[in-house]
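Structural description and commentary
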Amino acid sequence: MAFAVKFAKTVRNHWKKSLFAAALVTYGASYANDTIKINSLMRQYCLEASASGDIAMPMTRPLKEVLVLLNPAANRRSAEETFKKYCEPILHSAGFLVNIVKTDSEGHARRYIEALTQYPNAIVVAGGDGTLSEVITGVMRNTGSNEGTPIGILPLGRTNASCTQVHKLNRVEKARELAEAAISVVRGNVSKRHVMKIEVVAPDEEEHRRPVFAVGSFQWGAFRDILSLRDQYWYVGPLREYLAFLVNAFSAKPTWECEAHMKYTPPCPGCLNCRTETKRVLAQKDKWWSRFIPRSTVSASPATGDDFAKIINESCTKEYTIDGNHSEVIIETSEPMTAGSLQIKLSELENSSFSFIYNSWKRVQSNPSASTAQRASIDARTVEILPEKKESAKEKYYSIDNEEYDVKPIKITLLKHAINMFMPQAS
């Protein structure tokens with residue numbers, strides 16, 4: 001009893017130190033509890049992967065090769081450490097021959113994929129949306145398909161539009177998300193994804209550029225412009241996004257009005273005009289003798305077996321125009337399980353800077369990829385955006401899979417079920 005009284009007096013006389021000590025002990029206990037949960041979680045995933053790797057295989061059959069394209073600079077240079085903690089052990093436990101390539105510059109992943117003459121059994125992207133976009137672009141430019149070589153995503157970047165989670169995750173939830181993404185490669189859960197093909201539309205030859213491919217979204221407007229400036233306010237920590245909108249909402253630099261002539265063609269189930277061209281497929285490393293087989297070509301006909309060369313759809317090439325200016329333009333692909341279309345989301349011009357700040361803060365808190373469009377989205381197969389030419393000192397940018405590109409006349413085309421990707425099991 002005397003000890004309790006003495007302890008109470010000590011706490012009362014030194015309440016500041018006592019409060020700090022209590023907070024420190026509470027944090028330490030919570031951190032230790034999370035560490036125990038993560039270790040137990042990783043043990044379960046590694047055991048599952050090990051069971052898959054213990055399956056007997058013929059001596060003549062080589063190990064499955066997995067190419068990992070790791071961006072060490074992703075998520076403030078923490079991607080490599082996170083990959084080694086939560087993803088690499090699962091891939092090795094499955095008995096894969098893991099080849100890790102660290103990217104060292106912008107475009108490195110795209111150039112590496114474009115130079116491949118033989119694909120591995122799987123390609124794993126360890127990074128953010130920018131790294132994924134580079135890999136998708138490299139694959140589509142190289143062969144136009146990744147049949148037999150699915151692409152896996154380890155969401156190690158700061159932005160990962162491919163992830164279904166929109167809220168911030170704690171340590172245990174983040175470890176589970178990464179481990180689930182890695183084990184999906186072991187389980188072989190493959191699903192076809194729609195792809196957007198973005199190409200510059202310019203009459204002069206020097207403006208011609210090779211197309212860029214994306215699986216996330218195309219965004220143009222002030223919200224994305226200001227969100228890209230958040231790192232300038234690093235000193236406020238987790239409030240950097242909110243401060244960025246508060247400071248820049250009254251500036252003339254962001255794109256407050258997307259001034260462009262837009263036209264689109266409606267979705268088409270498939271016809272002579274929009275049928276997919278023949279794809280070139282690289283040999284894979286399944287058999288030792290595959291390296292001696294020359295590159296082959298396969299027909300890109302869909303799984304339904306329909307001969308689109310005999311189908312004529314007059315509305316496929318019919319163009320519709322979109323009038324008026326908008327504060328934001330977002331173009332996304334529809335869900336993978338659907339027939340496929342581009343979804344155009346247009347937001348009305350902002351009434352005031354204060355309403356823009358309020359709406360932007362709500363998006364940051366819930367889902368930055370969401371649109372503030374009040375009317376229904378427009379379904380399309382192709383979209384052309386022709387910005388109005390105005391002399392201005394401001395540099396304007398599109399955001400394609402959260403990567404910046406100069407504002408130019410572009411055409412976006414939907415490629416249905418063009419990419420095979422590993423998908424985590426739905427919880």
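Here the residue index of a chain counts from 1 through its sequence in written order. It should be noted that, the model being predicted, local features are given only for residues of pLDDT at least 70 and side-chain atom pairs only at 80 or more, the latter also being counted only at that level, while totals for whole chains, interfaces and linings use all residues. Processing note: side-chain calculations cover all non-hydrogen atoms of the structure and skip hydrogens and water entirely.

1. A look at empty space enclosed by the protein
Here a cavity denotes grid points, spaced 1 Å and computed from the protein atoms alone, that fit a 1.4 Å probe unable to get out, and a pocket denotes an open set having protein on both sides within 12 Å along at least 5 of 7 lines; residues with an atom within 4 Å of a point are the lining. Grid points are joined across faces, edges and corners, and a volume is the space filled by probe spheres set on the points. In this structure the tally under the stated criterion is three cavities of 30 Å³ or more. Empty space within the largest cavity amounts to approximately 80 Å³. Taken together, 12 residues form the lining of the largest cavity, with Phe223, Ser327, Glu328, Glu350 and Phe356 sitting closest to its centre. Among the secondary structure elements, those contributing two or more residues to the lining of the largest cavity are helix H9 (222-227) and helix H11 (353-366). Amino acid classes used here: Ala, Val, Leu, Ile, Met, Phe, Trp, Tyr, Cys and Pro are nonpolar; Asp, Glu, Lys and Arg are charged; the rest, including Gly, are polar. Across the lining of the largest cavity, the residue classes break down as four nonpolar, five polar and three charged. The helix and strand labels rest on DSSP assignments: H or I over at least four residues marks a helix, E over at least two residues marks a strand, and numbering proceeds from the N terminus.

2. Overview of unusual backbone geometry
Despite not being glycine, Asn75 has its phi angle at roughly 50°, a positive value. Tracing the chain through its elements places Asn75 in helix H3 (residues 74-77).

3. Some details on the pattern of salt bridges
A pairing counts as a salt bridge when a side-chain nitrogen of Lys or Arg comes within 4 Å of a carboxyl oxygen of Asp or Glu. All told, the structure shown has 15 salt bridges when counted by the stated rule. A salt bridge links Lys84 to Glu80, with the nearest nitrogen and oxygen atoms 3.6 Å apart. Of this pair, Lys84 and Glu80 both sit in helix H4 (residues 79-86), four residues apart, which is roughly one turn of that helix. For every residue, the accessible area (1.4 Å probe, protein chains only) is compared with the maximum for its type, and the residue is labelled buried under 20%, exposed over 50%, or partly exposed between those bounds. Here Glu80 falls in the buried class, since its relative accessible area comes to 19%. A salt bridge links Arg187 to Glu180; the shortest N-O distance between them is 2.5 Å. Since its relative accessible area comes to 27%, Arg187 is described here as partly exposed. By sharing partners, the salt bridges in this structure join Arg110, Glu114, Arg141 and Arg210 into a single network.

4. Details of the confidence of the model for the protein chain
Values of pLDDT, which run from 0 to 100, indicate the predictor's confidence residue by residue. When pLDDT is averaged along the protein chain, the result is 82, and 80% of the positions lie at 70 or above. Residue contacts are defined here by distance: any two heavy atoms, one from each residue, within 4.5 Å place the two residues in contact. In this model, residues 287-305 is a region of pLDDT below 50 whose contacts with residues beyond four sequence positions or in other chains number 23 contacts.

5. Comments concerning the sheet that holds strand S17 (residues 403-406)
Two strands qualify as a pair provided that DSSP identifies no fewer than 2 bridges between them. Spatial strand order, S14-S13-S12-S7-S16-S17: six strands in an open sheet with antiparallel pairing. Only two strands of the sheet have a single partner each, and these edge strands are strand S14 (378-380) and S17. Here the average twist between neighbouring strands, direction ignored, is 25°. Looking at chain direction, strand S13 (residues 342-347) and S14 are connected through three bridges and run antiparallel. Looking at the pairing, Ile344 lines up with Ile378 of S14. Lines fitted to C-alpha atoms define the axes here, with helix axes fitted over just the stretch in contact, and angles between the N-to-C directions of these axes take values from 0 to 180 degrees.

6. Regarding the environment of Trp234
Turning to its location among the elements, Trp234 is positioned in the loop between H9 and helix H10 (240-248). In sequence terms Trp234 and Ala244 are 10 residues apart; their C-alpha atoms lie 10.0 Å from each other.

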